[in-house]
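# Coordinate inspection notes
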Amino acid sequence: MPFMRLTQKKRQALELEVVPSEARLELTRIIRHRCLVPGGDDDGGIALIRENEYINIANQVIGRPIYVLEGGEWGEYHPAEHAWHHGQRELIMRLPSTPELAEILADYIQRGMMSMKQVNGILSHYNCGFSFENTGGFDEFRVAIEITAEDAIPEVDLSADHPNVRKLVARMDAAFSQKDYAGVLHASASIFETLAKDVIQNPAVNDKTLGSFFAGYKKKSLLPEPILNYMHDVYNNRNKEPLAGHGSLSEPTVSAEDAVVLCEMTKTIVRMERTLAEQKFDFTKVSPVKSAIPSAPSAAATPTAHQAEPPASPGSTSPINE
């Protein structure tokens, strides 16, 4: 049986996984390349059909409406149709949460629209905590998503590009279970610093502390100001609290109750940042074709956007697989 879905356990493991923007860009570049037609595509129709398939597979996973592409009498498409699809193509790797992205990639790999080796290489390069493998053997290609074992993850270097938030969350949870509440504060502040570096996307801050670039992060983040102020306070408290940011002979003052709030708030803020980033772009905008094409018949195609899902066709062949 081909890939069907993420298990609940794997979905939960990926909720706090951060796939860096650079990795998503590399995956987008694969899609751009796969949509090109070797030898040329005179009217761009074949490339448009391929883009439409990539977009709609992503839409299915994210829960967005399907865009049914219809051509004119000669299979021609209006320029606005091309422009709309090009824009959507650039978003399909940026919008999904990590569990959604993993499912979309699994669907692409299963259908031969992406190379599993190439995708795994990108995920490994950016220290992402999941990969893909074929569990079907030689006679049947069957994609499965594998989660990196936490006990095999090395110590995170916060000066490196895009350290993985999930690893820091695991460290925070471990500190809490060991009643090291100052350690919880330290991990929480490190998560916020890592998250901010991923959002701000400026190589100049890779080896900087959060306090030095927080103003820039505040401008880029879509989080409400009270939440941002909370993050800043946690970071400042980390630097003052005994054993949280520095060695000290004093006893830590972080209580178990404080640590519970820190753990839950930190995880919630990570999810909020990603969810708000998703809302920044709207996958469901009506194609400009509707308003750009005159109502009178013409030689140009008059494609229409339909918001109903197409009938299932399990035996159909992907136009990507040639």
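Summarised in this report is the structure supplied together with it. Nothing here was measured: the structure is a model prediction, and the numbers come from that model.

### Thoughts on the overall build of the chain
On a plain count of helices and strands, the chain comes out with 12 helices and 2 strands. Secondary structure elements of the chain occur, N-terminal to C-terminal, as α-α-α-α-α-α-β-β-α-α-α-α-α-α. With 322 residues in all, the chain has 45% of them scored as buried. A separation of at least 24 residues holds for 68% of the contacts in the chain among residues at least 6 apart in sequence. For the chain, the exposed area adds up to about 16500 Å²; of that, 54% sits on carbon and sulfur atoms.

### A short note on the packing of aromatic side chains
We describe a pair of aromatic rings using the distance from one ring centre to the other and the angle between the two ring planes. Within this structure, the stated rule accounts for 5 aromatic pairs. Where Y54 meets Y108, the ring centres are 4.9 Å apart and the plane angle is 75 degrees; that geometry is what we call edge-to-face. With Y54 in helix α3 (residues 45-62) and Y108 in helix α5 (residues 98-110), the pair connects residues that are 54 residues apart, well separated along the chain. The class of Y54 is buried, set by a relative accessible area of 1%. Look at Y108 and you get buried, because its relative accessible area is 0%. Both rings, one in Y67 and one in W84, keep their centres 4.3 Å apart while their planes meet at 25 degrees; by these two values the pair is stacked. With Y67 in the loop between α3 and α4 (79-91) and W84 in helix α4, this pair connects stretches of sequence that are 17 residues apart.

### What to know about the side chain of T28
Tracing the chain through its elements places T28 in helix α2 (residues 21-35). The class of T28 is buried, set by a relative accessible area of 3%. The residues contacting T28, other than those within four sequence positions of it, are R89, E90 and M93.

### Re the pattern of salt bridges
Tallied over the full model, the rule gives 8 salt bridges. A salt bridge links R111 to E53, with the nearest nitrogen and oxygen atoms 2.6 Å apart. Highlighted residues: R111 in the loop between α5 and α6 (116-125) and E53 in helix α3, separated in sequence by 58 residues. By relative accessible area, which is 12% here, E53 ends up buried. Salt bridges sharing common partners tie together R32, E51, R89 and E90.

### Points about helix α8 (residues 181-200)
In this model α8 runs 29 Å from its N-terminal to its C-terminal C-alpha over 20 residues, within 8% of the 28 Å that 1.5 Å per residue would give. Across the 20 residues that make up α8, a large majority, 19, are buried. One or two steps after α8, the chain reaches Q201, where phi turns positive at roughly 50 degrees.

### Comments concerning unusual backbone geometry
Non-glycine residue N127 carries a positive phi angle of around 60 degrees. Relative to the helices and strands, N127 is located in the loop between α6 and β1 (130-134). Assessed through its relative accessible area of 42%, N127 is described here as partly exposed. Here the phi dihedral of Q201 falls at roughly 50 degrees; this positive angle occurs in a residue that is not glycine.

### Concerning the nonpolar core
Membership of the largest hydrophobic core comes to 37 residues, with the highest contact counts inside it found for Y217 and M231. Among the elements of the structure, α7 (165-177), α8, α9 (210-220), α10 (225-240) and α11 (256-280) are those that each provide at least two residues to this core. Apart from residues lying up to four places away in sequence, Y217 is in contact with L195, A196, V199, I200, L223, L228, M231 and E273.

### Regarding the environment of T7
By the element assignment, T7 lies in the segment before α1 (8-14). Given a relative accessible area of 37%, T7 falls into the partly exposed group. Between the alpha carbons of T7 and I145 there is a distance of 9.5 Å; along the sequence they are 138 residues apart.

### With respect to the layout of surface pockets
The calculated volume of the second largest pocket comes to roughly 790 Å³. Mapped by element, the contributors of at least two residues to the lining of the second largest pocket are α2, α5, α8 and α11. Among the residues forming the lining of the second largest pocket, the class breakdown is 12 nonpolar, 7 polar and 14 charged.

### Some words on the side chain of R89
Residue position: R89 is located in helix α4. On the basis of relative accessibility, which here comes to 15%, the residue R89 falls in the buried class. Among residues more than four places away in sequence, those in contact with R89 are T28, I31, R32, E51 and I55.

### A closer look at α9
Along α9, the positions that sit buried rather than exposed are L210, F213, F214 and Y217. Along the axis of α9, the buried positions cluster into a sector of 150 degrees, meaning they face one direction only. The outward face of α9, more than 90 degrees from its buried face, is lined by the exposed residues S212, A215 and K219.

Calculation rules
- Residues numbered from 1 in each chain as written.
- Predicted model: local features only at pLDDT ≥ 70, side-chain atom pairs only at ≥ 80, totals over all residues.
- Heavy atoms only, no water.
- Helix = DSSP H or I, 4+ residues; strand = E, 2+ residues; numbered from the N terminus.
- Buried < 20%, exposed > 50% of the residue type's maximum accessible area, 1.4 Å probe, protein only.
- Contact = heavy atoms within 4.5 Å.
- Areas by Shrake-Rupley, 256 points an atom, 1.4 Å probe, with all protein chains shown as cover.
- Phe/Tyr/Trp six-rings, centres within 6.5 Å; stacked < 30°, edge-to-face > 60°.
- Salt bridge = Lys/Arg side-chain N within 4 Å of Asp/Glu carboxyl O.
- Expected span 1.5 Å × (residues − 1).
- Core = buried A, V, L, I, M, F, W, Y, C linked by side-chain atoms within 4.5 Å.
- 1 Å grid on protein atoms, 1.4 Å probe; cavity = no way out; pocket = protein on both sides within 12 Å on 5 of 7 lines; lining within 4 Å.
- Points joined across faces, edges and corners; volume = space filled by probe spheres on them.
- Nonpolar A, V, L, I, M, F, W, Y, C, P; charged D, E, K, R; others polar.
- Arc of directions from axis to C-beta.

That is the geometry; function is a separate question.
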